[in-house]
Amino acid sequence: MIINDFGSWMKKRFPYKVQKISIDAGFSCPNRDGKISKGGCIFCDNKTFNPSYCDPTKSIKEQIQEGKDFFRRKYKDMKFIAYFQAYSNTYAPIEQLKRIYEKALEEEEIVGIAIGTRPDCVNEEILDYLAQLNKQTFVTIEYGVESTNDETLRFINRGHDFACSKRAIEMSAERGLCVGIHVILGLPGEDKEECIRQAKIISDLPINILKIHQMQVIKGTKLARIYEKEPFHLYDVEEYINLVTEYLRWIRKDIVIERVVSQSPKELLIAPDWGLKNYQFTNLLLNHMKEVKAQQGDKIAYQ
Ligand code: SF4
């Protein structure tokens, strides 16, 4: 095993092909609606979150149906996870959350839900409810952590610190939930050393799934204005492969790696434009790791 990849992990859990269908249930985000700030994270453009079939003006049922039709073109026998991805999908009163999640779970061939949210948008009541739901179906909660460095979190206007992320992760793990997190490598001010420091911190957290992506500058964001005025370093493919290789060597072997790269739509992306599909990048990374005899977690002494 070079990395503990998400596809293999899912195959062990489900005896059929499972695909996530992104749903935009019309949630907002406290970092955009004024509760914390109006500006949002400086890199945020939610247009990059949603595939074409996902549209908040459509009902959850319609979005699920369109998602199923979209993926069925590729695979005939397949089941689905409803993925609440856009904005902060626990940012509503509990009764509303229950209605939304349970509506998705009522749909045929939906075998679980994945909920993306901010760590400051959960509380004991929501997590207790999700823990109950987790007894009946497959539930994952995915927190945008982005960085473990409070100075960076302030710079990107994240609106919460790392202690908040850690607390939400621990509260979720204590309840037996499958916990995923998302980080960005190459945020302004974070060099390779800082990324490796982060990997060690991440490895100490009780998480199950990790998504990593490279810093991308998206048109119309505050980060794009900063970048235009004073360009900062963005990784090229080779540098990023080297960085992710080293990063993964410090990540616990049992943590499932769901993603190592992300490619925003070309029309929205300012830089870096690698011209690679995600699977092409992942193949390059795996080949490189094989070549240099690197494996996920092989630098952690106790393993
Ligand atoms: S928390 Fe997510 S949705 Fe909210 S501003 Fe940041 S990136 Fe955008």
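Residues numbered from 1 in each chain as written. Predicted model: local features only at pLDDT ≥ 70, side-chain atom pairs only at ≥ 80, totals over all residues. Heavy atoms only, no water.

Trainee: Please set out the side chain of Arg 118 residue by residue, giving values where relevant.
Mentor: Mapping Arg 118 onto the fold places it in the loop between strand E3 (110–117) and helix H4 (124–136). For Arg 118, a relative accessible area of 3% corresponds to the buried category. Side chain to side chain, Arg 118 and Asp 120 meet in a polar contact 2.8 Å long. Residues in contact with Arg 118, not counting those within four places in the same chain, are Cys 29, Pro 30, Asn 31, Ile 36, Cys 41, Ser 88, Tyr 143, Arg 158, Gly 159 and His 160. (Helix = DSSP H or I, 4+ residues; strand = E, 2+ residues; numbered from the N terminus. Buried < 20%, exposed > 50% of the residue type's maximum accessible area, 1.4 Å probe, protein only. Polar contact = N/O pair within 3.5 Å; in protein donor to acceptor, adjacent residues only side chain to side chain. Contact = heavy atoms within 4.5 Å.)

Trainee: Mind laying out helix H6 (residues 162–174), listing which residues take part and the relevant values?
Mentor: Here H6 is 13 residues long and its end C-alpha atoms lie 18 Å apart, about the 18 Å a rise of 1.5 Å per residue gives. Within the span of H6, buried status applies to Phe 162, Cys 164, Ser 165, Ala 168, Ile 169, Met 171 and Ser 172. Against H4, strand E4 (138–146), helix H5 (150–155), strand E5 (178–185) and helix H7 (192–203) lie the buried residues of H6. Two residues or fewer past H6, Gly 176 is found with a positive phi of approximately 80 degrees. (Expected span 1.5 Å × (residues − 1).)

Trainee: Describe the pairing of strand E6 (residues 209–214), with residues and values.
Mentor: The side chains of a regular strand alternate, first on one face of the sheet and then on the other. A large share of E6 lies buried, amounting to six of its six residues. Alternating residues of E6 divide into Ile 209, Lys 211 and His 213 and Leu 210, Ile 212 and Gln 214, and every residue in both groups is buried. Strand direction decides the pairing type here: E5 and E6, joined by six bridges, are parallel. Across the sheet, residue Leu 185 finds its bridge partner in E6, namely Gln 214. Tracing the backbone out of E5, into H7 and back to the parallel element E6 gives a crossover that is right-handed. Both E6 and strand E8 (residues 256–259) contribute to a ladder of three bridges, which runs parallel. Within E8, the position partnered with Ile 209 by the bridge is Val 256. (Pairing = 2+ DSSP bridges. Right-handed = clockwise from strand over helix to strand, strands pointing away.)

Trainee: So what's going on with the sheet that holds strand E1 (residues 17–23)? Residues and values would help.
Mentor: One open sheet holds the seven strands; their spatial order is E1-E2-E3-E4-E5-E6-E8, and the pairing between them is parallel. The sheet is open, and its two borders are formed by E1 and E8, each paired with just one other strand. Between one strand and the next, the sheet's axes are offset by a mean angle of 25 degrees, whatever the strand orientation. Of the strand pairs in this sheet, E3 and E4 are connected by six bridges, and their pairing is parallel. Its bridge partner being in E4, Gly 116 is matched across the sheet by Glu 142. Lying on the sheet, helix H2 (residues 60–72) is in contact with E1, strand E2 (78–84) and E3; it crosses E1 at an angle near 135 degrees. Along the sheet, H6 makes contact with E4 and E5, crossing E4 at roughly 170 degrees. (Axes fitted to C-alpha atoms, helices over the stretch in contact; angles between N-to-C directions.)

Trainee: Quick one: what's the story with the packing of H7 against helix H9 (residues 237–249), residue by residue and with numbers?
Mentor: In contact at an axis separation of 8 Å, H7 and H9 are set at 30 degrees when each is read in the N-to-C sense. Relative to H9, H7 is oriented roughly parallel. Helix-helix and strand crossings are classified by hand; for H7 and H9 the assignment is right-handed. Here Lys 192, Cys 195, Ile 196, Gln 198, Ala 199 and Ile 202 of H7 come into contact with H9, specifically with Leu 243, Glu 246 and Tyr 247. Classifying every residue of the contact of H7 with H9 by side-chain character gives six nonpolar, one polar and two charged. (Parallel < 35°, antiparallel > 145°, perpendicular 65-115°, else oblique. Left-handed = near helix turned anticlockwise from the far one by under 90°. Nonpolar A, V, L, I, M, F, W, Y, C, P; charged D, E, K, R; others polar.)

Trainee: So what's going on with the pairing of E4? Which residues, and what values?
Mentor: Across the nine residues of E4, nine count as buried, placing the element largely inside the fold. Because side chains alternate across E4, one face comprises the buried residues Phe 138, Thr 140, Glu 142, Gly 144 and Glu 146, and the other comprises Val 139, Ile 141, Tyr 143 and Val 145, equally buried. Pairing of E4 with E5, which is carried by six bridges, proceeds in the parallel orientation. Bridging from a neighbouring strand, Tyr 143 pairs with Ile 181 of E5.

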